[in-house]
Amino acid sequence: MSGREIARVTRGEISFAAVLLFALGAATPTLVSAAKQYLKPGGAFAGLNSATAGARTQKDLPVGQHALQLYSMATPNGQKVTIALEEMGLRYDAWYIGIMDQDQFTSGFVAVNPNSKIPAMVDKDGPGGKPVNLFESGSILLYLAEKSGKLLPKDPALRTECLNWLFFQVGAAPYFGQYGHFARYAPIKIKYGIDRYALETKRILSVLDQRLMGRTFLVGEELTIADLAWMPWVQCLSVFYKGDEPLGLSEYQEVMRWKENLLSRPAIAKGMRINSPAEENQQYKEYHSS
């Protein structure tokens, strides 16, 4: 690639060759400007990355009247919890945590989740009537299912099957997320990264597609927390990552049928919108059960 060709690259097309020329001092002024603007560690998420854990600012979390206090944002992991709360009919207060505003690094949030990731929850009426902190979406789903007695099969075999699919999702979500990062958000479009995570995302979708043949839900004959764990991430591939064409999402017909069936449920449709910063969803950005 010549210096003239590199000078014409766009934000999404800066290549390793361009970076190398920049590092060697052989880049054009156009590339130098582009590199300084876009080649920041972490790209758009640079402010969120740090080698050190812990609070960055002192600020208490708000607390509402209900026992369940959710601190979250309508990312796929956050949506898992809000759709579960709505389907289970539990009363809760949902407080918006703006991750791009670094709300997850306040002292109050870190006290609930030392890992500074959403979602996080406090149950003021936990085991023995004592408050308990909860974090990690899979753990929260399991806790809520056991607390409510809903969306977790009573049959021991089906319960185990449900947990198999729940924990499969917990382990698989980072592959979806890494695809989204490299394909949509990375300041440098690295073909190797995009191809690697696209391939694994497609393989996982194929697993789901085969599982859902002749099935309405992933486990048994009723909705479970396994369905609620997977669906927001499948939806994310389309809505946030714009992967319909790159991933060929329409080819996974069983998965798409299952997803649309879940999204047609009023409780899930509502839960997907809670803690969303989108302008049209302002009534749900912060939500309190009646």
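Just so it is clear, the model here is predicted, and its values are computed rather than measured.

What follows is about the packing of aromatic side chains. What the rule picks out here adds up to eight aromatic pairs. Judged by centre distance (5.6 Å) and plane angle (45°), the ring pair of Tyr92 and Tyr287 falls under tilted. A residue pair is termed long-range when its members are at least 10 positions apart, and Tyr92 in strand E2 (residues 92-96) and Tyr287 in strand E5 (residues 287-288) qualify at 195 residues. Side by side, Tyr92 and Tyr287 carry an identical accessibility label, which is buried. A centroid spacing of 4.9 Å and a plane angle of 65° characterise the contact between Phe168 and Trp230, whose relative ring orientation is edge-to-face. Of the two residues, Phe168 is situated in helix H7 (residues 156-185) and Trp230 in helix H9 (residues 225-239); the sequence distance between them amounts to 62 residues.

Of all residues in the protein chain, 83% have pLDDT values of 70 or greater, and the mean over the chain is 89. Here residues 1-15 scores under 50 on pLDDT; set against residues more than four positions off or in separate chains, the count is 20 contacts.

Our focus in this paragraph is the pairing of E2. Within E2, five of the five residues are buried, which leaves it mostly tucked inside the rest of the structure. Side-chain alternation along E2 places Tyr92, Ala94 and Tyr96 on one buried face and Asp93 and Trp95 on a second face that is also buried. Pairing analysis gives five bridges linking strand E1 (residues 68-72) to E2, with the strands arranged parallel. When the sheet's bridge partners are listed, Tyr71 is paired in E2 with Trp95. For the crossover from E1 across helix H4 (residues 76-88) to E2, the handedness is right-handed.

What follows concerns H7. Between its first and last C-alpha atoms H7 spans 42 Å; for 30 residues at 1.5 Å apiece the expected length is 44 Å, and the two agree. Buried within H7 we find Cys162, Leu163, Trp165, Leu166, Gln169, Ala172, Ala173, Phe176, Gly177, Tyr179, Gly180 and Phe182. Buried residues in H7 make contact with H4, helix H6 (137-148), helix H8 (191-211) and H9. Its side-chain oxygen 3.0 Å from the backbone nitrogen of Ala157, Asp155 forms the N-cap of H7.

A few words on unusual backbone geometry. Residues Ile118 and Pro119 are joined by a peptide bond in cis, for which omega reads 0°. The topology assignment puts Pro119 in the loop between helix H5 (107-112) and strand E3 (120-123). If you check the backbone angles, Gln102 has positive phi at about 65° while not being a glycine. Examined against the element boundaries, Gln102 turns out to sit in the loop between E2 and H5.

With 62 residues, the main nonpolar core has Leu144 and Ile225 as its most contacted residues. Elements with a minimum of two residues in this core: E1, H4, E2, H6, H7, H8, H9 and helix H10 (253-263). Broken down by element, this core gets its largest block of residues, ten residues, from H9. Residues lining this core come from more than one domain, with at least three contributed by each of domain 2 (68-150 + 274-288) and domain 3 (156-271). Excluding residues that lie within four positions of it along the chain, Ile225 makes contacts with Met88, Leu141, Leu142, Ala145, Leu151, Leu152, Cys162 and Leu166. Of all hydrophobic cores here, the second largest spans twelve residues; its members include Met73, Tyr96, Phe109 and Val112.

A cluster of nonpolar side chains, contributed by Tyr185, Val239 and Phe240, occupies part of the molecular surface with about 230 Å² of accessible area. By the element assignment, Tyr185 lies in helix H7.

The next subject is the packing of H8 against H9. Interaxial distance between H8 and H9 falls to 13 Å at its minimum, and their mutual angle equals 130°. Comparing their axes, H9 and H8 come out oblique. The way H8 lies across H9 gives a crossing that is left-handed. Between H8 and H9, the residues in contact are Thr201, Ile204, Leu205 and Leu208 and Trp230, Val234 and Leu237, respectively. A breakdown of the residues in the contact of H8 with H9 according to their chemical character gives six nonpolar, one polar and no charged.

About the criteria used
- Residues numbered from 1 in each chain as written.
- Predicted model: local features only at pLDDT ≥ 70, side-chain atom pairs only at ≥ 80, totals over all residues.
- Heavy atoms only, no water.
- Phe/Tyr/Trp six-rings, centres within 6.5 Å; stacked < 30°, edge-to-face > 60°.
- Helix = DSSP H or I, 4+ residues; strand = E, 2+ residues; numbered from the N terminus.
- Buried < 20%, exposed > 50% of the residue type's maximum accessible area, 1.4 Å probe, protein only.
- pLDDT = per-residue confidence, 0-100.
- Contact = heavy atoms within 4.5 Å.
- Pairing = 2+ DSSP bridges.
- Right-handed = clockwise from strand over helix to strand, strands pointing away.
- Expected span 1.5 Å × (residues − 1).
- Polar contact = N/O pair within 3.5 Å; in protein donor to acceptor, adjacent residues only side chain to side chain.
- Core = buried A, V, L, I, M, F, W, Y, C linked by side-chain atoms within 4.5 Å.
- Domains from an automatic or database assignment.
- Patch = residues over 30% accessible without salt bridge, like charges linked within 9 Å, V, L, I, M, F, W, Y side chains within 5 Å.
- Areas by Shrake-Rupley, 256 points an atom, 1.4 Å probe, with all protein chains shown as cover.
- Salt bridge = Lys/Arg side-chain N within 4 Å of Asp/Glu carboxyl O.
- Axes fitted to C-alpha atoms, helices over the stretch in contact; angles between N-to-C directions.
- Parallel < 35°, antiparallel > 145°, perpendicular 65-115°, else oblique.
- Left-handed = near helix turned anticlockwise from the far one by under 90°.
- Nonpolar A, V, L, I, M, F, W, Y, C, P; charged D, E, K, R; others polar.

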